[in-house]
Amino acid sequence: MDEQALLGLNPNADADFRQRALAYFEQLKISQDAWQVCAEALAQSIYRYSELTEVQQQLIRETLITWLQAQMLNPQPEKTFIRNKAAQVFALLFVTEYLTKWPKFFFDILSVVDLNPRGVDMYLRILMAVDAELVDRDVVHTSEEARRNTLLKDTMREQCIPSLVESWYQILQNYQYNNSELTCQCLEVVGAYVSWIDLSLIANERFINMLLGHMSVEVLREEACDCLFEIVNKGMDPIDKTKLVESLCQVLQSAGLFSIDQEDDVDFLARFSKLVNGMGQALIASWTKLIKNGDMKSAQDTLQAIEAKVSLMLQLLIHEDDDISSNIIGFCYDYLHILKQLSALSDQQKANVEAIMLAVMKKLTYDEEYNFENEGEDEAMFVEYRKQLKLLLDRLAQVSPELLLASVRRVFNTTLQNWQTTRFMEVEVAIRLLYMLAEALPVSHGAHFSGDVTKATALQDMMRTLVTSGVSAYQHTSVTLEFFETVVRYEKFFAVEPQHIPTVLMAFLDHRGLRHTSPKVRSRTAYLFSRFVKSLNKQMNPFIEDVLNRIQDLLELSPPENGYQALLSSDDQLFIYETAGVLIVNSEYSAERKQALMRNLLTPLMEKFKVLLEKLMMAQDEDRQMALADCLNHAVGFASRTSKAFSNKQTVKQCGCSEVYLDCLQTFLPALSCPLQKEVLRSGVRTFLHRMIICLEEEVLPFIPSASEHMLKDCEAKDLQEFIPLINQITAKFKTQVSPFLQQMFMPLLHAIFEVLLLPAEENDQSAALEKQMLRRSYFAFLQTVTGSGMSEVIANQGAENVERVLFTVIQGAVDYPDPIAQKTCFIILSKLVELWGGKDGPVGFADFVYKHIVPACFLAPLKQTFDLADAQTVLVCITVCFFLLFSLPCGRLKGKKNNGHVVLRVVLSYKENTLFSLNGVLVWLVFTCYGTVFCSSPVLKIKLENCRFEYLTLTCITCKLPLSESEQTGSSSLGCLGFSCDR
């Protein structure tokens with residue numbers, strides 16, 4: 001770059017240099033090779049501040065001060081983002097230099113800016129940037145940075161905070177009437193700093209009076225509110241805190257701020273509500289501390305102060321603006337918590353509880369503007385607000401359950417008596433309150449209609465009113481959904497009054513539920529209907545065939561070409577199929593009748609499946625292929641979902657349905673040989689096979705070899721990754737029954753896995769790398785399942801060359817891949833193989849393999865740089881390795897036992913005289929302290945190594961982590977140090 005031109009960037013440069021610089025950069029903009037020039041300059045000009053010379057650092061300080069001086073002289077102020085960035089630079093320099101080279105940082109800035117408006121603006125921005133660097137909890141700091149920040153704050157408190165506070169007061173005093181922007185900025189600074197400076201500097205008469213004065217100025221009162229909130233929020237002695245809050249409240253009340261007008265500025269009221277909430281919670285925190293300290297008189301005074309704020313709290317809670325109401329909920333919740341702790345409530349406190357209850361009930365009501373069909377951000381915020389109100393209702397139930405129950409009952413009965421003429425939001429909230437009572441007044445296993453007679457009677461009366469009033473026909477989606485949600489929540493009601501079941505079933509099945517005009521209602525009702533039917537169980541027997549007939553049209557598989565918009569989506573149909581399966585399986589019909597009903601349910605699916613599969617084989621258009629494949633996948637999914645109705649008490653065999661599901665298998669398996677849309681089709685059939693392994697048990701086994709063969713053809717990483725769990729499930733469930741099949745497909749499966757793993761991939765392709773990592777994990781999980789199921793012969797019978805290849809892949813997984821989950825699996829596999837093959841009857845040469853490869857792997861893995869002991873999964877790998885070394889190697893090779901309160905470890909590595917290991921002290925310390933920590937009450941360890949030759953060995957003290965001297969290594973030592981002696 002043109003260095004002469006760059007001189008024009010200096011704030012003190014004359015006009016000619018500046019013009020030259022501007023011309024140079026304009027030329028760079030239009031130049032085609034400008035990016036190369038800039039890239040070189042960037043690459044060559046990156047310096048760390050600490051690497052600069054003392055002179056250069058001084059130049060930077062002077063340049064910043066010069067720039068700050070220039071801001072007060074320029075005719076136009078810099079753009080806001082420039083000022084913010086400059087403030088950040090000042091803050092970073094402060095953090096670096098304040099403790100050492102620039103202790104007068106703030107004084108230098110103050111001497112430059114004085115009370116110049118532009119200078120004050122920059123000064124306040126710098127203060128906020130400094131606070132962000134030191135205090136901002138959203139920024140994650142290292143422990144070293146946290147210590148540095150603490151030291152910086154301590155030093156500031158000692159050296160400059162009083163001066164800074166004085167400057168803030170002067171700024172507020174000078175600009176409060178003629179520059180509201182600077183005044184608000186200064187109030188923001190005070191609010192930010194008050195949390196970590198001496199409160200007495202701010203919480204004094206002159207500051208508080210000024211802040212309270214700002215509460216009457218429209219353009220200042222919001223920032224003044226926030227500043228007062230931070231002052232109130234500051235930790236201090238409970239009695240002093242009570243006095244501070246009370247003095248603030250008296251002045252605010254005398255200023256008329258405690259009389260809330262619905263027409264007041266909502267932005268200010270939202271801030272004011274937050275302030276009142278802070279004052280209320282501060283008083284409650286003081287009361288709690290005083291009670292804990294046993295100061296009952298002061299606690300009683302504080303409680304009276306809290307009670308005096310309840311009227312204001314209620315005005316804010318009931319405000320029509322939800323933000324204002326939401327900001328006061330914390331105070332309200334904590335106040336109820338106090339009442340819960342009192343032995344008895346006064347009449348006024350009972351009246352307060354009832355007032356809060358009525359406020360909550362009112363605020364739960366939807367607004368007219370709520371958009372139920374297209375819920376956006378405002379709607380999401382109201383849903384969150386409702387959750388806060390629900391917590392209040394739960395707390396009210398803890399304070400006075402009888403009052404809550406009576407209030408809800410009164411509102412509910414009054415509303416449902418005239419639901420036809422009542423607004424939807426009032427009807428919805430009445431039903432919603434009944435729904436919320438189930439959690440507010442919890443019982444074991446939903447037994448709301450037994451036990452407490454008063455409560456059971458009240459709930460039973462309300463449920464009876466709900467199902468007989470006809471409110472389910474109300475023409476609003478919110479009311480309809482709330483009706484079904486409540487019916488399902490109180491399903492135990494129908495055990496008490498089963499005569500209402502037909503009424504509710506019809507509501508589910510007609511235009512009010514599954515055939516509602518709203519897709520949202522239909523979708524939710526499908527799920528709720530499934531839950532309702534499951535909960536009623538045997539009580540559904542009289543209605544089974546009628547219900548199955550009524551839902552017949554909802555079970556139809558909708559092919560993509562008919563253009564007909566089905567009532568339910570495929571996801572919703574899953575619930576309907578599951579419901580149909582539950583009705584059939586739980587019925588009291590004979591096995592023959594159940595089989596007939598299940599066949600009637602699944603035969604249309606199988607027939608449609610065959611037709612659609614043929615169409616897919618002939619389809620040319622890719623979009624049509626995809627649509628047909630999705631439809632086929634749905635058909636398999638529906639059949640699979642019906643099997644969820646079976647249980648240990650009602651098995652497929654007991655219900656006589658085995659033949660039906662075997663027919664389904666024969667129908668679906670040909671899809672595996674379809675060359676089109678393989679991923680979709682295989683996924684569906686694979687899921688069905690998972691279910692059939694559980695339901696059909698041994699009857700599914702004849703289908704597995706053919707299915708596996710097809711699924712291993714032309715497969716990708718994801719296909720294999722999803723296929724292996726199926727094989728693991730078969731192996732774990734049937735064990736030796738599938739040994740011949742596993743021996744036959746073992747190497748084809750491994751070849752498919754190795755082929756995919758060896759495929760080249762781009763170095764930066766994270767997706768491909770992740771797929772391979774997951775496949776590698778699946779492969780090791782498969783080997784673990786085989787060995788863990790006692791079927792090591794499956795591996796042993798693959799031939800010596802293949803066995804060796806498999807073993808080396810496990811060694812490689814244990815050592816070379818930085819994936820602790822896979823490493824742990826690999827060491828578990830090796831441990832199991834040593835246990836099974838480590839004796840005289842093991843495969844020829846396996847003992848050699850143990851000491852040439854497995855034992856070294858135990859030491860090589862932890863020595864890798866990627867072996868991160870700060871990671872919990874890696875620690876598990878380490879523990880697995882230690883257990884393997886201590887307990888899994890053949891007897892006589894490595895032993896661990898307790899002896900007189902000490903752990904004695906005897907390591908005999910004498911398989912071959914020229915055995916050579918390179919160890920370091922960290923590993924020795926790690927292995928033995930792990931064992932000592934887990935099993936031994938004494939940390940003293942004695943180690944004796946015999947017949948070993950070491951390239952080097954450093955033993956490390958467990959306590960101090962330092963290497964032991966030669967004298968320490970010659971004998972046993974205590975206090976956690978390793979004692980070392982060598983026979984040679």
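Computed from a predicted structure; not experimentally measured. (Residues numbered from 1 in each chain as written. Predicted model: local features only at pLDDT ≥ 70, side-chain atom pairs only at ≥ 80, totals over all residues. Heavy atoms only, no water.)

Within the protein one finds 43 helices and six strands. Out of the 984 residues in the protein, the part that is buried amounts to 49%. In the protein, once contacts between residues fewer than 6 apart in sequence are set aside, the share between residues at least 24 apart is 71%. Accessible surface for the protein amounts to roughly 48000 Å². Of this, 51% is attributable to carbon and sulfur atoms. (Helix = DSSP H or I, 4+ residues; strand = E, 2+ residues; numbered from the N terminus. Buried < 20%, exposed > 50% of the residue type's maximum accessible area, 1.4 Å probe, protein only. Contact = heavy atoms within 4.5 Å. Areas by Shrake-Rupley, 256 points an atom, 1.4 Å probe, with all protein chains shown as cover.)

What follows covers the environment of Ile338. Its location among the elements puts Ile338 in helix 17 (residues 329-341). Distance in space between the C-alpha atoms of Ile338 and Thr288 is 8.6 Å, their sequence separation being 50 residues. If we skip the residues at most four places from it in the chain, Ile338 touches Ile284, Trp287, Leu303 and Ile306.

Right, let's talk about the nonpolar core for a bit. Counting 304 residues, the largest nonpolar core has Met156, Trp168 and Phe272 as the members making the most contacts within it. Ranked by the residues each element gives to this core, the list is headed by helix 21 (residues 424-440), at 13 residues. Those residues in contact with Met156 that sit more than four places away from it in its chain are Phe94, Tyr98, Phe106, Leu134, Ile161, Leu164, Tyr193 and Trp196. (Core = buried A, V, L, I, M, F, W, Y, C linked by side-chain atoms within 4.5 Å.)

Right, let's get into a negative patch on the surface. The grouping of Glu716, Glu762, Asp765 and Glu771 at the surface amounts to a negative patch. Tracing the chain through its elements places Glu762 in the loop between helix 35 (739-757) and helix 36 (766-788). (Patch = residues over 30% accessible without salt bridge, like charges linked within 9 Å, V, L, I, M, F, W, Y side chains within 5 Å. Salt bridge = Lys/Arg side-chain N within 4 Å of Asp/Glu carboxyl O. Lys, Arg positive; Asp, Glu negative; His and termini not counted. Charge placed at Lys NZ, Arg CZ, Asp CG, Glu CD.)

Between helix 14 (residues 266-293) and helix 17, whose axes approach to 8 Å, the crossing angle comes to 25°. Our classification of the angle between helix 14 and helix 17 gives roughly parallel. The two elements helix 14 and helix 17 meet at a crossing, and its hand is left-handed. On helix 17, the residues touching Val276, Asn277, Gly280, Gln281, Ile284 and Trp287 of helix 14 are Ile329, Gly330, Phe331, Asp334, Tyr335, Ile338 and Gln341. In terms of residue class, the contact of helix 14 with helix 17 is made up of seven nonpolar, five polar and one charged. (Axes fitted to C-alpha atoms, helices over the stretch in contact; angles between N-to-C directions. Parallel < 35°, antiparallel > 145°, perpendicular 65-115°, else oblique. Left-handed = near helix turned anticlockwise from the far one by under 90°. Nonpolar A, V, L, I, M, F, W, Y, C, P; charged D, E, K, R; others polar.)

Looking now at the side chain of Arg386. Relative to the assigned elements, Arg386 resides in helix 19 (residues 377-399). The class for Arg386 is buried, based on a relative accessible area of 9%. Within polar-contact distance, the side chain of Arg386 engages the side chain of Tyr366 at 3.5 Å. Discounting residues that sit within four places of it in the chain, Arg386 has contacts with Leu364, Tyr366, Glu428, Val429 and Arg432. (Polar contact = N/O pair within 3.5 Å; in protein donor to acceptor, adjacent residues only side chain to side chain.)

Turning our eyes to something else, we now look at helix 40 (residues 846-863). For helix 40, built from 18 residues, the straight-helix expectation of 26 Å at 1.5 Å per residue is met to within 8% by its first-to-last C-alpha distance of 25 Å. Along helix 40, the positions that sit buried rather than exposed are Phe846, Phe849, Val850, Tyr851, Ile854, Val855, Pro856, Ala857, Cys858, Phe859, Ala861 and Pro862. (Expected span 1.5 Å × (residues − 1).)

Here the focus is the state of the cysteines. Covalent bonding between the sulfur atoms of two cysteines is what defines a disulfide. Per the counting criterion, the structure on display carries zero disulfides. There is no disulfide at Cys655, and the cysteine sulfur nearest it, in Cys657, is 5.4 Å away. (Disulfide = S-S within 2.5 Å.)

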